[in-house]
Amino acid sequence: EVYPYRVDLENCENEPLRHIRVVQSFACLIAVDSDTLIVRHVSENTDRFLGLHWEEIIDRPLSSIFNRDLTEQLSIGLGRENGFESLNPIQTLFTVNGQQLLKNVIVHREGNRLLLEIENSADDFRTSGYQQILARAVARIQNINNHNRLFTETAAILRQLTGYDRVMVYRFDKNYNGEVIAESLNKDKNLEPFHGLFYPHTDIPKQARELYLKNRVRLISDITVPPSNIRSSPQAEEKYLDLSMAGSRGVSPIHLEYLGYMGVNNSLSVAIILGDKLWGLFALHHYSPKTVDYGLRNLLLFLGQIFSGHLSMQAAGSYREKTLTRNLVRLALGEHISKTRDIFTGLTEGSYTLMNIFAETSGAAISFEGRVETMGETPPTDAIQKLTNWVTNNGVDHDSLIYTSDSIGKEYKPFQSYCDYAAGVLIIYLNPDHADWICWFRPGLSRKITWGGKPEKELIVSEQGTRRLGPRRSFERYVETVDGCSAPWDQGEIDTAYTLRITIINSMIQHYSEVKQTNE
Ligand code: BLA
């Protein structure tokens, strides 16, 4: 059994990926107690890597298996704050069938356990001058200023570096559906391009995505080779090891099936993390067996970080630029209200108006002390009034006093008929009782999404008649048209809405104090 629990796939999100009971065949795994260094878990394939049967290893101290040099390195790692990060891989000679072989030992700390993975070390990797290639790759990525070129060129660089048949830059949307936004292909293989295709969030379930935040590189080395079972000592404290950090963690049987349907033999993915969120993946496919040295995986991890850094710098630059422009308009509006002493004139006349502050505004409306004015193209004022009441009564966050939607017709049916010019809406309430408000509208965009296959799971009936859900088998194109959605309101725009609200309230305080003075 590869899993400690029965997995029936009614719900992919519950598959216990971390606790899988197998490792991939490219490594063997040994887990030791971090205090005593006694082996408590071991994979069955140790002969191939260490020349020792797993039964000769379990419940024995590490020092009887490894040479002194290696056990000394382990105690150095145990004493370090950042653990084994800077020591990995520890290169050691093992005698297998009378031959001395150099292996990579990769160590991670996991609670009271040390996980040791032993892999072959590729000669071509050690001799190929990767340092230089890396330096050049970093310099090239850092010199790319254009957003779209950044993706395409990085894909090409990664293919050159790794020799994979297909390298994709895969970006998640806010619901974790993914899009292939750039791709580099081996021209000799006549591969069908995936560039521009969308894949449903269910293809990479939540717990699989979360693992990328901890362990950023995932190699699935050869889907045709059976994995190796992990054996545990009866004296082990825990029955099931947590393999989150293990590079050789066995692969979900469902995902293996999926890759098989795609015709892929080997898949390598590297997390692209922005802030603390998974932004996307580099997804690499190969159509025949391929070994990937730990050193190369480490290098890809590093390039992923360089790429993320570069991306977030570009994003920060464009955020700053847009914020500056919006702030300029905001200040001009505030000043105009103060000067004209009238909120309507201040916001609707002059060189800057409500129509200028947010991009792609089709129309805007103000309601203040019972009077309503509109600009541009808007639904009728009584419809807007009803919308603002509906928002008030239906789950606006009362503290925030701001509401946004990029598909209001889906949330509030009466607005369906206005979605040509009012699919998106942003409302700011000027006072806590929601009596006065300003709102902006955005036009609906009709968008075609090409899915790389219908976003559905398949019911698979086995020969024994058991039924389960599996990955879909079809990757045939499927085009969906999405209507009734506007461009999204981004965080920068929402931030501007908050500050604009304060600017306007300050100007109104002036207005009220003047009204009060004239009345006295
Ligand atoms: C994992 N699914 C993945 C991964 C990718 C995809 C990239 C990460 C592991 C890897 O690099 O292979 C999906 N790969 C894609 C997509 C493209 C691609 C969309 O190249 C597009 C070009 N998968 C399903 C269903 C389930 C499922 C229905 O389709 C669940 C029942 C599960 N996918 C699944 C699981 C993993 C996964 C469990 C984690 C595999 C693992 O790490 O062990």
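Below, the structure is looked at part by part.

**Points about the pairing of strand E4 (residues 90-96)**
- Residues of E4 alternate between two faces, with Ile90, Thr92, Phe94 and Val96 buried on one and Gln91, Leu93 and Thr95 left unburied on the opposite face.
- Note: E4 against strand E5 (residues 99-110), seven bridges, orientation antiparallel. Note on E5: the bridge partner recorded for Phe94 is Leu101.
- Hairpin connection from E4 to E5: two residues lie between these consecutive antiparallel strands, with Asn97 at a positive phi of about 50°.

**Overview of unusual backbone geometry**
- With an omega dihedral of -10°, the bond running from Asn88 to Pro89 counts as a cis peptide bond.
- If you trace the backbone, Pro89 turns up in the loop between helix H2 (68-79) and E4.
- We note that Leu37 has phi near 55°; this positive angle belongs to a residue other than glycine.
- Counting through the fold element by element, Leu37 comes out in the loop between strand E2 (27-33) and strand E3 (39-43).
- Notably, Arg341 is not glycine yet its phi reads approximately 55°, a positive angle.
- Among the secondary structure elements, Arg341 is positioned in the loop between helix H8 (294-340) and helix H9 (343-348).
- With relative accessibility at 55%, the residue Arg341 sits in the exposed group.

**Looking at the sheet that holds strand E14 (residues 363-368)**
- A sheet is described by the order of its strands in space; here five strands give the open sequence E15-E14-E18-E17-E16, paired in antiparallel fashion. Both edges of this open sheet fall to strand E15 (371-376) and strand E16 (402-405), since each of them pairs with a single strand only. Averaged over all neighbouring strand pairs, the angle between strand axes comes to 10°, with direction disregarded.
- For E14 and strand E18 (residues 437-442), the ladder comprises five bridges, and the chain directions are antiparallel. Looking across to E18, one finds that Ala365 is bridged to Cys439.
- Where helix H11 (residues 381-393) meets the sheet, its contacts fall on E14, E15, E16, strand E17 (424-429) and E18, and the angle it forms with E17 comes to roughly 70°.

**Concerning the environment of Ser405**
- As for its placement among the helices and strands, Ser405 is situated in strand E16.
- For Ser405, a relative accessible area of 4% translates into the label buried.
- Here the alpha-carbon distance between Ser405 and Ser252, two residues 153 residues apart in the chain, equals 37 Å.
- Here Ser405 is in contact with Glu411, Ala423, Gly424, Val425, Ser486 and Trp489, once residues within four sequence places are set aside.
- From its side chain, Ser405 meets the backbone nitrogen of Ser407 in a polar contact 3.1 Å long.

**Remarks on the pattern of salt bridges**
- The final tally for this structure, using the stated rule, is 16 salt bridges.
- With a shortest N-O distance of 3.0 Å, Arg113 and Glu238 are connected by a salt bridge. With Arg113 in strand E6 (residues 113-120) and Glu238 in the loop between strand E11 (228-232) and helix H7 (253-262), this pair connects stretches of sequence that are 125 residues apart.
- Judged by relative accessible area, which is 3%, Arg113 ranks as buried.
- Between Asp165 and Lys189 there is a salt bridge whose closest N-O contact spans 3.0 Å. Of this pair, Asp165 sits in the loop between helix H5 (147-162) and strand E7 (166-172) while Lys189 is found in the loop between strand E8 (178-185) and strand E9 (198-199), placing the two residues 24 residues apart along the sequence.
- Overlapping salt bridges, with partners in common, bring together Asp33, Arg113 and Glu238 in one network.

**A few points about the packing of aromatic side chains**
- Counted according to the given criterion, the structure contains 17 aromatic pairs.
- Judged by centre distance (5.1 Å) and plane angle (80°), the ring pair of Phe415 and Tyr418 falls under edge-to-face.
- Since its relative accessible area comes to 1%, Phe415 is described here as buried.
- Of the aromatic side chains, those joined through ring pairs into one cluster are Trp390, Tyr412, Phe415, Tyr418, Tyr421 and Phe441.
- The ring of Phe194 carries Arg166 above its face, with NZ or CZ at 3.6 Å from the centroid.
- In this structure, Arg442 packs its charged tip against the face of Trp489, placed 3.9 Å from the ring centre.

Thresholds, definitions, all that
Residues numbered from 1 in each chain as written. Predicted model: local features only at pLDDT ≥ 70, side-chain atom pairs only at ≥ 80, totals over all residues. Heavy atoms only, no water. Buried < 20%, exposed > 50% of the residue type's maximum accessible area, 1.4 Å probe, protein only. Helix = DSSP H or I, 4+ residues; strand = E, 2+ residues; numbered from the N terminus. Pairing = 2+ DSSP bridges. Axes fitted to C-alpha atoms, helices over the stretch in contact; angles between N-to-C directions. Contact = heavy atoms within 4.5 Å. Polar contact = N/O pair within 3.5 Å; in protein donor to acceptor, adjacent residues only side chain to side chain. Salt bridge = Lys/Arg side-chain N within 4 Å of Asp/Glu carboxyl O. Phe/Tyr/Trp six-rings, centres within 6.5 Å; stacked < 30°, edge-to-face > 60°. Lys NZ or Arg CZ within 6 Å of the ring centre and 35° of its normal.

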